[in-house]
Amino acid sequence: MASTLLSRQLTYILQHNLKFSLPRSRYVSQPANKTDGDVEFEGPLMKTEVPGPKSRDLMKKLNELQNIDAVNFFCDYEESRGNYLVDVDGNRMLDLYTQISSIPIGYNHPALVKVLQNPQNVSTFINRPALGCLPPENYVQKLSETLLSIAPKGLKQVQTMACGSCSNENAFKAACIWYRNKERGNAIHTKEELESCMVNQAPGSPDITILSFMGAFHGRTFGCLTATHSKAVHKLDIPAFDWPTAPFPILKYPLEEFVRENAQEEDRCLEEVEDLIVKFRKKGRNVAAIIIEPIQSEGGDNHASDDFFRKLRNVAKKHGCAFLCDEVQTGGGSTGKFWAHEHWGLDDPADIVTFSKKLLSGGYFYKDELRPDMPYRIFNTWLGDPSKNLMFSEVLNVIKREKLLDNVNESGKILLQGLKDLQVLYPYILNKARGKGTFCSIDAPNEAIRNQLVLKMRNKGIVLGGCGEKSIRFRPALVFKPHHAHLFLNAFNDILGAHK
C-alpha cells in the first residue's frame, strides 16, 4: 500500500513538474519563440540511417588515402545552418556537439556570411601573413578590438596561435623560459647553456617539469601529450617526459548529498599536488608550472569545486609555479561566463590562459613577466590567422547583440534540469547529470551503452559526443535556445524509454 502510494506520488510529481506522461513518457517541449535573427530549420529531418549510402561511399574512398576509423559521416556544410548539421545524404540533425565544441554561433550565421562578402575583407582572407615577422597594418587595432577586449583578469599580453595543442605547447615553453630566467636573476645565458641545449643536455636543456592531472587532455603534440592523461590511444608508442601527475578529484553525485566526502577528496588531491612539488624539487626537478582545465572535458567532464581551484591557485603561488588555465574547450561562453575560470571568483585567476575552438583560432593570454626575452623563442610561421580574428570580431558582436551568454544560462538550466529529470526516470541508464551553462554531461552505465545511446540519438536526428569512459557530453552552440533543449529532451526520452 505504502509503496503504491509512493509510486503514484512520484508519477504525479514527474507529470506535473516535468510534463512527462507515463508509461512510455513524452517530454513535451514548450512552444518555440523564435527571433528575427533565426534562420534555421524547424527541426530534424531524417532520410537514411547515419552514415547513409553517400557517406559510406565517400568513407570507402577516403579510406584508400588515410585511416578513417574516427570518421562518423560526411557533411553538407553549405546546407547546414544554425543549430542544424546536414549530412551528404540529406539528413538534418540538431547538433549538440558542434565540431567538438568549436562552432560558437551556429552554422552559416548571416553575420559571418556578410563578413566574407565584404570587399574590404578580401585581402585578409587571401593573404595569410607570417605574423611574427610581417603583420598587417591593422593587426594591433584588431587584436585590441577582439581578443584583448575579452582578456581574462590581470592578463594584458596575448600570443596568437593556430590551434589548441600549439597554444598549450607554447604556453609550456613560455612558462619554462620565465622560470629559468627567474632562477638566473639578472644573469644572462652562459656559453655552457647555449652549447649544451644544442645536444639536449643540461644546463641549457634544464630538468624542470610541468605538473598535470589524471584525466586531463591538453593536446597531442609532444609536451602536451606528456600532460595528457585521458585515453591511452592518444599516448601509446610516443615518448614522454618524466613529469609529475597529480590526482584530480573524483566527486560523488548528487553533490549536495556528499559535501563532506567531496571536500575530503579535494583536500586529498591538493595535498598530493604539494607532495609532488616537494618530491620533484628534492630530486632537482623543479615544477615550473601547473596546468589544469576548469572542467576536464575529454577526460569525462570531470568537475571540481570553485574552492578547489582557488586553493590550487594558492599552492602554485606558494611554490613559485606558473599557473596555466587551459580554456581551449571551456572558453568562449558555453559555461554561462565567457571564461569558465570566472566562476572561481578570483582577482588573479591565472598566469596564463590558453584558448582555441569557439574563439576560431588559438593562443594564450599571459602576464607581463612571462613575455619572451628574445625573438623567435615563441614563434612559428603563421602564429594564428588574421582572417579568423576578423570572423571572431563579428562573433563577439553577435554574442553581445543577441545576449548569448544570457541565452546560454537560460537554455543550460533547462538542459541540466531535464537531464536530472531523466536520470530519475531511468536510473538504470543515466546518472551523474552535471554541468555549467550548456556545458553539460551525464553518465551511462558503461562505454557500450553510452555508444549505443549516441548512435541511436544520431539516427533520430540528434548529434551528441562521448568523453571519458562512459560520459555523454553536450556542447551546443551559443545560439542553442530553450526550445532546442526541449526538442532534445523529448527525443532523448523516447530513446531511453525504448532502450533495452
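Structure shown above.
A brief look at the structure comes next. Residue numbers restart at each chain and count upward from 1, following the sequence in its written direction. Given that the model is predicted, a residue must reach a pLDDT of at least 70 before its local features are reported, and side-chain atom pairs must reach 80 or more before they are shown or counted; all residues, however, enter totals for whole chains, interfaces and linings. Based on all heavy atoms of the structure, the side-chain values leave hydrogens and waters out of the count.

**Remarks on the pattern of salt bridges**
Should a side-chain nitrogen of Lys or Arg be within 4 Å of a carboxyl oxygen of Asp or Glu, the pair is scored as a salt bridge. What the rule picks out here adds up to 29 salt bridges. Taking the shortest distance from any N to any O, the salt bridge between Lys-61 and Asp-57 comes out at 3.5 Å. Within this pair, Lys-61 and its partner Asp-57 are both found in helix α2 (residues 53-63), separated by 4 residues, close to a single helical turn. Under the relative-accessibility criterion, Lys-61 is labelled partly exposed at 48%. Of the charged contacts, one joins Glu-195 and Lys-191 as a salt bridge, the two residues approaching to 2.4 Å between their closest N and O atoms. Of this pair, Glu-195 and Lys-191 are both found in helix α8 (residues 191-196), 4 residues apart, which corresponds to roughly one turn of the helix. Summary of the burial criterion: residues with accessible area below 20% of their type's maximum are buried, those above 50% are exposed, and those between are partly exposed, where the area comes from a 1.4 Å probe applied to protein chains only. Glu-195 gets classed as partly exposed once you look at its relative accessible area, which sits at 46%. Of the residues examined, Lys-191 reaches a relative accessible area of 60% and is grouped as exposed. One salt-bridge network, in which partners are shared between bridges, spans Arg-313, Lys-317, Asp-348, Asp-351 and Lys-367. Each helix is a run of H or I in the DSSP string that is no shorter than four residues. Each strand is a run of E no shorter than two, and both are numbered from the N terminus.

**Some words on the environment of Met-457**
The topology assignment puts Met-457 in helix α15 (residues 447-459). Judged by relative accessible area, which is 0%, Met-457 ranks as buried. For the pair Met-457 and Lys-60, spaced 397 residues apart in sequence, the C-alpha to C-alpha distance is 24 Å. Excluding residues within four positions of it along the chain, Met-457 makes contact with Ile-462, Leu-464, Phe-488, Ala-491, Phe-492 and Ile-495. Only heavy atoms enter the contact rule, under which two residues are in contact if any of them lie within 4.5 Å.

**Observations regarding unusual backbone geometry**
In this model, Val-50 is joined to Pro-51 through a cis peptide bond whose omega is 5°. You can see Pro-51 is positioned in the loop between α1 (2-18) and α2. Here the residue pair Tyr-253 and Pro-254 is connected by a cis peptide bond, since its omega of 0° sits within 30 degrees of zero. With respect to the helices and strands, Pro-254 occurs in the loop between β5 (245-246) and α11 (259-282). The phi torsion at Ser-101 lies on the positive side, around 70°, for a residue other than glycine.

**A closer look at the sheet that holds strand β10 (residues 431-436)**
As summarised here, the arrangement of the 4 strands in space is β10-β11-β14-β13, forming an open sheet in which the pairing is antiparallel. Looking at which strands have only one partner, the edges of the open sheet turn out to be β10 and β13 (465-467). Put simply, the sheet's adjacent strands are angled 25° from each other on average, direction ignored. Where β10 meets strand β11 (residues 439-443), 4 bridges bridge the pair, whose relative direction is antiparallel. Paired with Asn-431 across the bridge in β11 is Asp-443. Should DSSP find at least two bridges between two strands, the strands are taken to pair. Lines fitted to the C-alpha atoms define the axes, with helices restricted to the stretch that makes contact. Angles between their N-to-C directions range from 0 to 180 degrees.

**Points about helix α4 (residues 110-117)**
The set of residues buried in α4 consists of Ala-111, Leu-112 and Val-115. With its buried residues spanning 95° around the axis, α4 presents them on a single face. In α4, the exposed positions that point more than 90 degrees away from the buried face belong to Lys-114, Leu-116 and Gln-117. Those residues of α4 that are buried are in contact with α5 (122-126) and α13 (386-401). Comment: arc refers to directions from the helix axis out to C-beta atoms.

**A closer look at the packing of aromatic side chains**
Under the pairing criterion, centres of Phe, Tyr and Trp rings, with the six-membered ring standing for Trp, must be within 6.5 Å; the plane angle then separates stacked pairs below 30 degrees from edge-to-face pairs above 60, leaving the rest tilted. Taken as a whole and judged by the stated rule, the model has 18 aromatic pairs. Ring centres of Phe-172 and Trp-243 lie 6.0 Å apart, and the angle between their planes is 80°; this geometry places the pair in the edge-to-face category. Here Phe-172 is found in helix α7 (residues 164-184), whereas its partner Trp-243 is found in the loop between α10 (232-235) and β5, with 71 residues between them in sequence. By relative accessible area, which is 15% here, Trp-243 ends up buried. Linked through ring pairs, Phe-213, Phe-248, Phe-308, Phe-309, Phe-323 and Trp-344 together constitute an aromatic cluster. A cation sits over an aromatic face here: Lys-283 above Phe-280, 4.2 Å from the ring centre. Here the guanidinium or amino end of Arg-475 rests over the ring plane of Phe-439, the centre of that ring lying 3.6 Å away. In this scheme, the term charge over a ring applies when either NZ of a lysine or CZ of an arginine sits within 6 Å of the ring centre and within 35 degrees of the ring normal.

**A few points about α15**
Multiplying 1.5 Å by the residue count of a helix minus one yields the expected span of that helix. Between its first and last C-alpha atoms α15 spans 19 Å; for 13 residues at 1.5 Å apiece the expected length is 18 Å, and the two agree. The complete set of buried residues in α15 reads Ile-449, Arg-450, Leu-453, Val-454, Met-457 and Arg-458. Considering only its buried residues, α15 is in contact with β2 (92-95), β12 (462-463), β13, β14 (471-474) and α16 (482-498). Within 3.5 Å is the distance limit for a polar contact, defined as a pair of N or O atoms, with the added protein rule that one can donate a hydrogen and the other accept it, and that residues adjacent in sequence qualify only through two side-chain atoms. Where α15 begins, one side-chain oxygen reaches toward the backbone nitrogen of Ala-448, 3.2 Å away; that side chain belongs to Asn-446.

**Notes on the nonpolar core**
What makes a nonpolar core is a set of buried Ala, Val, Leu, Ile, Met, Phe, Trp, Tyr and Cys residues whose side-chain atoms join them at distances within 4.5 Å. Residues Leu-211, Phe-213, Val-273, Ile-290, Phe-308, Leu-324 and Ile-352 are the most contacted members of the largest nonpolar core, which totals 79 residues. Ranked by residue count, the leading element in this core is α7, at 8 residues. When residues no more than four places from it in sequence are discounted, the contact partners of Leu-324 are Ala-171, Phe-172, Ala-175, Ala-289, Ile-290, Ile-291, Ile-292 and Ile-352.

The values reported here are purely geometric and, on their own, carry no functional implication.
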